[in-house]
Amino acid sequence: MRGWIVPPPKEPTKSSEAFGKEREEKVNWLIRQGYLRSDRIKEALLRVPREDLIPPLYRDYAYLEVPIPLPGKEATISCPHSYPLFYEPLGLDRGHQFLEVGLGSGYGAAVAREVVGPEGLVVSIEIDPLTFEFGRKNLKNRGYHDIILVNGDGSLGYPAKSPYDRISITAACIDVPPPLIEQLKIGGRLISPVIEDGIQNLVLIEKGEKGIRRKVICEVLYVFLRGMYGVI
Ligand SMILES: C[S@@+](CC[C@H](N)C(=O)[O-])C[C@H]1O[C@@H](n2cnc3c(N)ncnc32)[C@H](O)[C@@H]1O
């Protein structure tokens with residue numbers, strides 16, 4: 001697993017037509033690479049203009065496969081492929097109650113909101129106040145008014161809207177925080193980068209009547225989870 005090389009900040013130059021073309025090309029690439037399979041996630045990725053949720057000096061790099069720095073301490077918007085990488089194994093679908101730990105730019109929450117639709121629910125928690133404000137404004141500007149946004153420690157979950165059908169943790173932990181497992185429905189799924197033997201594995205958890213089933217999807221590289229059950 002390698003680290004990421006982020007291109008230098010620069011004034012944005014691309015038109016919305018150019019971005020629209022890049023978005024479509026990216027979606028086709030995600031399908032060809034095997035990351036993207038479901039029509040609902042595909043439509044959601046086509047509907048959300050990722051460039052509008054990225055700091056202006058990185059806007060031109062919106063569809064590059066690099067995590068881009070955000071306002072706040074160690075916050076990034078994940079690479080474009082990360083979203084289907086997480087949402088496909090989760091089986092995120094219409095009507096789901098979805099919890100995201102790590103709002104970041106708000107892009108993941110916006111894509112999830114498009115997938116679950118108005119009959120579902122998206123709750124997203126961000127620990128860093130600066131990052132939270134950035135993500136909150138992005139979602140407001142894009143017209144997402146019904147996503148529940150919380151500035152706090154997502155490792156504790158958000159019991160007020162639990163139990164959840166699906167939970168996505170977008171920062172790496174050593175063990176999946178117990179409150180998040182508790183707040184998952186029976187039959188629900190959770191996905192998270194987990195630090196194991198010096199690397200990070202993307203781990204999918206299914207909660208059954210008799211306990212949890214765990215599957216490693218692939219190796220990944222994410223910022224560390226903070227807070228009560230975090231690494232730092
Ligand atoms: C990879 S970024 C998230 C990307 C985001 N989902 C997006 O689409 O832009 C991980 C985020 O998790 C946040 N974070 C770390 N620990 C957290 C915690 N305990 N609760 C909530 N957010 C946390 C970081 O501040 C960072 O913004």
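Residues numbered from 1 in each chain as written. Predicted model: local features only at pLDDT ≥ 70, side-chain atom pairs only at ≥ 80, totals over all residues. Heavy atoms only, no water.

A.B. asks: Outline the packing of helix H1 (residues 16–32) against helix H2 (residues 39–47), listing residues and values.
C.D. replies: Put simply, H1 and H2 touch, their axes get as near as 9 Å, and they point 155° apart. Viewed along their axes, H1 and H2 adopt a mutual orientation that is roughly antiparallel. Considering only the axes of H1 and H2, their crossing is right-handed. Where H1 abuts H2, its residues Arg 23, Glu 24, Val 27, Leu 30 and Ile 31 lie against Lys 42, Leu 45 and Leu 46. A per-class count over the contact of H1 with H2 returns 5 nonpolar, no polar and 3 charged. (Axes fitted to C-alpha atoms, helices over the stretch in contact; angles between N-to-C directions. Helix = DSSP H or I, 4+ residues; strand = E, 2+ residues; numbered from the N terminus. Parallel < 35°, antiparallel > 145°, perpendicular 65-115°, else oblique. Left-handed = near helix turned anticlockwise from the far one by under 90°. Contact = heavy atoms within 4.5 Å. Nonpolar A, V, L, I, M, F, W, Y, C, P; charged D, E, K, R; others polar.)

A.B. asks: For the pairing of strand S9 (residues 211–220), give the residues involved together with the corresponding values.
C.D. replies: Of the strand pairs in this sheet, strand S8 (residues 199–208) and S9 are connected by 9 bridges, and their pairing is antiparallel. Bridge pairing links Leu 204 to Lys 215 in S9. Linking S8 back to S9 in an antiparallel pair, the connection comprises 2 residues. (Pairing = 2+ DSSP bridges.)

A.B. asks: Help me get a handle on the side chain of Glu 114, residues and values and all.
C.D. replies: Turning to its location among the elements, Glu 114 is positioned in helix H4 (residues 107–116). Overall, Glu 114 belongs to the buried group, its relative accessible area being 17%. Here the side chain of Glu 114 touches Tyr 144 through a polar contact of 2.6 Å, side chain to side chain. Leaving out residues up to four positions away in the same chain, Glu 114 has contacts with Arg 40, Ala 44, Arg 47, Val 48 and Tyr 144. (Buried < 20%, exposed > 50% of the residue type's maximum accessible area, 1.4 Å probe, protein only. Polar contact = N/O pair within 3.5 Å; in protein donor to acceptor, adjacent residues only side chain to side chain.)

A.B. asks: Describe helix H5 (residues 129–141), listing the residues and the values that go with them.
C.D. replies: Given a rise of 1.5 Å per residue, 13 residues ought to cover 18 Å, and the 18 Å separating the end C-alpha atoms of H5 matches this to within 8%. Residues of H5 that are buried: Thr 131, Phe 132, Phe 134, Gly 135, Asn 138 and Leu 139. Projected onto a plane normal to the axis of H5, the buried residues spread over an arc of 165° and lie on a single side. Exposed positions of H5 whose direction lies more than 90 degrees from the buried face are Pro 129, Leu 130, Lys 140 and Asn 141. Buried residues along H5 sit in contact with H4, strand S4 (121–126) and strand S5 (148–151). Residue Asp 128 occupies the N-cap position of H5, its side-chain oxygen lying 2.9 Å from the main-chain nitrogen of Leu 130. One or two positions beyond H5, positive phi appears at Gly 143, with a value near 85°. (Expected span 1.5 Å × (residues − 1). Arc of directions from axis to C-beta.)

A.B. asks: Go over unusual backbone geometry with me, naming the residues and quoting the values.
C.D. replies: Here the bond from Ser 162 into Pro 163 is cis, since omega is 5°, no more than 30 degrees from zero. Relative to the assigned elements, Pro 163 resides in the loop between S5 and strand S6 (164–169). The phi dihedral of Glu 74 falls on the positive side, at around 60°, and the residue is not glycine. Looking at the secondary structure, you find Glu 74 in the loop between strand S1 (68–69) and strand S2 (76–77).

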